[in-house]
Amino acid sequence: MTSPANGITTRGYQQEMLEESLRRNIIIALDTGSGKTHIAVLRIKTEVERQPTKVSWFLAPTVALCEQQRGVIQGAISGPVGIISGSKEPDQWKNSALWQTALHNNRVMVTTPQVLLDALRHSYVSLGRDISLLIFDEAHHAVDNHPYNRIMVEFYFNLPAQTSPISTGYQRPSILGLTASPIYGGNAEKAFKTIEANLDSTIRAPRRHKDELATFVHRPVFRHVMYNYPDEINMPFSTNLAALSAVVQQIDIRDDPSVHSLQKQLGRASPGSTDYYRLDQKLSKVIHKSDSFTHKGLRDFVRTAEAICYDLGSWAADWYIWEVIQHAKRVANPTNNLISTWKNQEKVYLLEIINRIVVTPVSHYPDDILEASTDKVRTLIDTLLMEKFDTEALNESYSGLVFVQRRDTVLALTELLRHHPFTQDVFTFGCLLGTSDSSYRHSFLDITRFMLKNTHEDTLDDFRIGKMTVIISTAVAEEGIDIQACGSVIRWDPPPNMASWAQSRGRARRKRSTYTMMFSNVGADHANVVKWQNLEQQMVALYNDPSRDMVVDDPDDQADADDEVLEFRVPSTGALLTLNSAVSHLSHFCAVIPSTSHADNRPLYDIDPPEYLPGWHSFDNQFHPPLYPGPWGSKVTLPRSLPLPNREFVTEKIYKSRISAHRHAAFTAFKALYDAGLLNEHLLPITSVVEPQLEEEVKEMLKDVEQRAGFAKVSLQIDLWTPQNQALQSWHTYELIIGGLPPLIFFNASHKISLPLNEGPTLFCPGKVPLMTSLRYIGSVSPSDPRIEVARKFTKMLFWSLNGSRMSWDKDDFPYLVLPSDTTESHWERRREWIQSNSTVTGAKHADEYVVNAEKFGKEFSYPTDVAIVRAGFQFAKGYQFVAWRFEPLDEEEESKLRERYSRLGDPKIVYPLLEVRPLHPRTNFLIPTASQAIRQTESLFLLPDMSAISILSPDESDYALLLPSILRSFACSMTVSSLRDELFTATPLSQIPDSLLLTALTAPVSGERSNYQRLETLGDTVLKYLVSIQLLAEYPLWHEGYLSKKKDHSVSNVRLAKRNITLSLYRWIIRDRMLGKKWKPNYIVREIAEEKPANYVTDTAAEAIEEDSGKKKKKPQQELSTKVLADVVESIIGASYLHGGFSLSYECARFFDLGLRWHPIPDRIEAMLSRVQTAEEYPPQLVIVERLLGYTFARKGLLIEALTHSSYEHDLHTPSYERMEFLGDSVLDMIVTDFLYHAPGKDYSPGHIHIRRSAVVNAHILSYICLSSSTEADATMPGVSQDGSIGLVAESHRIYLWQCLLHSSPTILEAQRNTATRYKYHKDEIRNSLEHGNLFPWANLIRLQAPKFLSDMVESLIGAVFLDSGGDINVATTLVGRLGILPILNRIVRDDVDVLHPVSRLSLWASKHGKQLEYKFEKAKGQVSCMVAVDEKEECRITEPYHGKASEEEVKFLASESAIKMFRLRDVDVNYTLLKKRRASTKKTRKDGTKL
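Residues numbered from 1 in each chain as written. Predicted model: local features only at pLDDT ≥ 70, side-chain atom pairs only at ≥ 80, totals over all residues. Heavy atoms only, no water.

Moving on to the sheet that holds strand 16 (residues 604–608). The strand order across the open sheet formed by 3 strands is 16-17-18, and the pairing between neighbours is antiparallel. At either end of the open sheet lies a strand with only one pairing partner, and these are strand 16 and strand 18 (648–650). For this sheet, the mean angle separating the axes of adjacent strands, direction not counted, is 15°. Summarising the sheet, strand 17 (residues 633–637) and strand 18 pair through 3 bridges and their orientation is antiparallel. By the bridge assignment for strand 18, Val-636 is matched with Phe-649. (Pairing = 2+ DSSP bridges. Helix = DSSP H or I, 4+ residues; strand = E, 2+ residues; numbered from the N terminus. Axes fitted to C-alpha atoms, helices over the stretch in contact; angles between N-to-C directions.)

In structure tokens, the structure reads:
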């Protein structure tokens, strides 16, 4: 034996098998419990160590086995082990990069075979390139069309033979199979040959260590017991079964609602059409075979109950029938939605039938159970008791498995044994049914899954710990599931084949275990076991025969006998389409097409010739159709929502089987989808086309942007004050006028400042009228101009006086300078000269360069009153506004405050005069208007002159110093706009955008400016989606709405917009720094470099740049900029272009940003779409009615037909369904509503308020109401008796509603229309009154309509059709939106300030604002649903309504929310929409019941 691996010792026979597998491909045939998985782990371990680039791939037939084996492998392998199953949604992995990442990060992959087969077929994984070892667990499955075999046939045998196991080249992987029973059928030699050929391997068992193997594999003692099968005279009698059978025999298939529905559909269909033919065949088949949901289900119910009665006895049958009927009554209740696949009409019909069945519950008296049980049950109980006695006699605990064939028998037998007097106190029973029995899904007996008391996992856990001693199981426990070694396995039913016999026997692998088979006294079960035992001996002899040790040849052609090999391989990727995969591929493509509950997107197959003669269902003599041996043809029809020129694909009648004909039709259809561009290069729906294709450096910048929380590190915004060339050539000069202050000469060294009409910013100073400024350009001057130096000193004095604490005294290379226009010497100049002459005497520091001791200043200049600013000390002490010199003595209170102020000096001497001052106003940014210009007078305070300093600036100069930072800020913003226009927008139509709009578009909210881009971004977002929708609709005429929506979402996503922003370096012009006066300091020509980077500084290679300075390399400083800001600025510029130049300029703007689309002018796109509109000779009669209702006559009727056509419509029209028109109409409606709200007079709505008002009028509830309420009168004049008794035409009219004009062929839609119209009748007056007069938007009443989505879709599709037919005229569409009543509703919402906040949202806002925990709890009982609103776990209100499915839950939640709002009086809750959005984002991952407006 070798050393332990992961704590498990490798046995000699395991080492022998490992060594053999390293020499060649083998299938290891060992009994269950012998350690086959350990050999596989050792083989994987060796492969991982010797193969550096490829992976080992472990295949297991079930998800449970995959998870179990992955855990075993992970415990022995040092590297990561990946698992992909349905829970990992491999079907959603539409990007080969995801697969390559998985392969790169994991050395071993564990999957079901279908996952690998799909990945190979779509060329996401290459068998020859990526995989070095392929392990097949339960390898006996590798026959026929099992995925094991398809992997080998389609991919393995096409590869070159393996040259070296450690080669990284393109070659076949090594194969290792694991099985306990490598056989199927009754011929061992043939089975071996087939499985070996299919897996290119030799079946092997240990030879050198056979004796050792025998010591570890404990074959159970085989026993059999006989029971007496009931004869015809003594058959068990079940009263419940008799009652059930009597009712089922009386029902007539022609009363079934599915037959009625088919008859109605057939009556509406056009004779001779494809739909008529299909319905005719379907109706005949349903009647002939009684194949409806109810009839087939009840027949299955009877047959199952009969089998249970004969097998277990009448008690079990009575219990089973009682339980199923009770569950059926609950599920069949039309108000119950436990099984959503049951239709309401089927529920009503089924409920009516089962209510006629008179059944009684079973008795639990011991004698009744004993008397009503079969001999088979008694034999089983005797066997269990005997096995338990024998086991416990050996001082071991008993555990047993009973294998049963039928799942319903498992349920009944488990219940019977739990109550049987001989077992109820001796054993604890559980049952395992598995989850993959597809025959039960969508059938009546699917309700039996509700009869399970424990989950699969709980049952296994209880069995492992001994809490449960006996499990009654279907075949789910036979193969591979990790159940502890049992001492006893009993077969209630004989195994169906050799593999099942061997697998179930393998569950009994304790020492001294037993394997018991129950045989009837009639039948050939015992003979089969003898045959299997002989077959097993042959099998063992074969895989121990040394003469078989040879390399197998390639298998023969594995295609079905009826099918030739037909393949299509995509040249660029190698993705493969075969006849075998075509049907599933086509079904998957159709399954991902967006659909509603009222449409079926499955491909429809019609066989040729038909199974029944036309009209067979109506024949009086309904003979059985003769069997037709072939050949066959097929036609597949794709869903109407695909706008293809041809949706039908037909094969010739040449194929030997139906499935072969259907496969060829599916192959042709799927190949056509690829040729039409509806599949990507991996033969998958083209979702990968809309995945971001970002450059590597941008990917680094935009990590996690889908969560809108990523940050990109980009260069600081552009600094237009600093000249690019520090060797100045000239200075620009201007005249700067600030209100009534003396004019200034303004100099700047970089960009010329151009202001429209020379108008500068308006300054809003507290307590003063707004100050108007102007800047008039004079010309340029040389740097040697003597005024420059004077201006530098003057500018330094102004800046230092208020901002010196943040400045460096030695730096005065300001890029802007000011100088008074009037250079006449003033008395303040003379005062400054005196101060200068005395500074050397007093030893003044630079900090106090422009201040003077107040006491000395007052004495020298006789206490002047034109002082402006006083500091409460030196060294940049706090500044105050000068009021006066105080000569009069202070009163007691004033003196007390003064002494308190100077208490740190002890008892200061008060010498008059004192300085009377007031605090300076805290406002320092004068570009933002205040709510009121009135200044609040603050109380004066007093300073000691000898402890204070006076600024040596005159009042005018002090005003300059205060106002200049704000003025310079405004100039910088103006230069940013000019720079963007000159550098990025030059020679483009975007240069037309006015400065004011462009400035707003560039200003981020964080800057704190008077206006920012938020409103423009909201408008631009809508404009962009509108433009992109038109481009995509024209560019991809064959794309369905799902493709279009995904492509649009990608094109306008933050990822895409941010990428384009960075590519154009637009971020450099985004104004995002904040003007904070108390932190302001001037710019310098030679920029100061920060010594330290921010704590969260991260270098970004895309924005990083290196500059040379003094021979040292320095990185340009960078700062965080959210990806959302990058995207928002692009949208705000589009919004600005729309405001200035309408759709033509916004189109040019969108085209400038590219966004990965092929842009063409809107008129050209509209013309291209109109050119493809089909015409017809005849049109449905309702078109005239709809045109009258809309007030618009279509020039192209085909567009109106398309807008009215539901995907269920089965008439032979080539018109696609309305989804594409709905896609267009959605964008057009959003555009109209958003534009209306943006321009609402006097409102200036914020983005949040635009959003909630827009959501109120474009949501599905209100649009459905619009559809339900839109109507017109139609002439219904008929011949009749007039008032004078004569016969003539009597005028009459009918009101026709828009919803009645939908073209469809669905009885479900018809029922939904009628039910919704009834609810509308009861609620329309309340809704109309609320919309016309109420203060609250009628959310709850709209929800009460429970309107299906196709009603709102209909409105949007009609808007899109009118827009397109009118040549893309948005004004025509706006007129229609008004006529439908949408704009009047919106106008009243705006005019009367109607509260449109969603009730659930309002309650959430209130809870967030007050720190409350809000919870909604639902309860269903007796056809009612209740919603309870709990605040901090205390129930506050409860609303109960009749339950009609999920829509009822939404309705009662709304009502409960509104009730709570009234209770808490929350009408005036502040609408902090930003808070609401943040809260939604934070709870989106955890709260399933999210609310959408």
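That was the structure; now back to the text.
Quick look at unusual backbone geometry now. Across the junction of Asp-608 and Pro-609, the peptide omega takes the value 5°, indicating a cis bond. Positionally, Pro-609 belongs in the loop between strand 16 and strand 17. Between Gly-630 and Pro-631 the backbone carries a cis peptide bond, its omega angle lying at 5°. Take Pro-631: it is sitting in the loop between strand 16 and strand 17. With phi around 60°, Leu-683 is a residue other than glycine that occupies positive phi space. Here Leu-683 is to be found in the loop between helix 23 (658–675) and helix 24 (696–701). The phi dihedral of Asp-1393 falls on the positive side, at around 50°, and the residue is not glycine. Within the fold, Asp-1393 resides in the loop between helix 45 (1382–1391) and helix 46 (1399–1409). Relative accessible area serves as the criterion here: at 45%, Asp-1393 is assigned to the partly exposed category. (Buried < 20%, exposed > 50% of the residue type's maximum accessible area, 1.4 Å probe, protein only.)

This brings us to the environment of Glu-1441. With respect to the helices and strands, Glu-1441 occurs in strand 40 (residues 1434–1442). As a C-alpha pair, Glu-1441 and Glu-1451 span 10 residues in sequence and 8.5 Å in three-dimensional space.

Going residue by residue along strand 4 (residues 108–111), you find Val-108 and Val-110 tucked away on one face and Met-109 and Thr-111 tucked away on the opposite face as well. Relative to strand 4, strand 2 (residues 55–59) is paired through 4 bridges, and the arrangement is parallel. Among the inter-strand pairings, Leu-59 is bridged to a residue of strand 4, identified as Thr-111. One ladder, built from 4 bridges, connects strand 3 (residues 81–84) with strand 4; its direction is parallel. Residue pairing in the sheet places Ile-84 in a bridge with Thr-111 of strand 4.

It is worth spelling out the sheet that holds strand 24 (residues 816–820) at this point. The 5 strands lie next to each other as 22-23-20-21-24, forming an open sheet whose pairing is antiparallel. At either margin of the open sheet sits one strand with a lone partner, and together these are strand 22 (759–763) and strand 24. On average, each strand axis in the sheet is tilted by 25° relative to the strand beside it, whichever way the strands run. Across 8 bridges, the pairing between strand 20 (residues 731–738) and strand 23 (residues 771–781) is antiparallel. The partner of Glu-735 across the bridge, within strand 23, is Arg-776. On the sheet, helix 25 (residues 786–803) packs against strand 20, strand 21 (744–748), strand 23 and strand 24 and is oriented at approximately 95° with respect to strand 24. (Contact = heavy atoms within 4.5 Å.)

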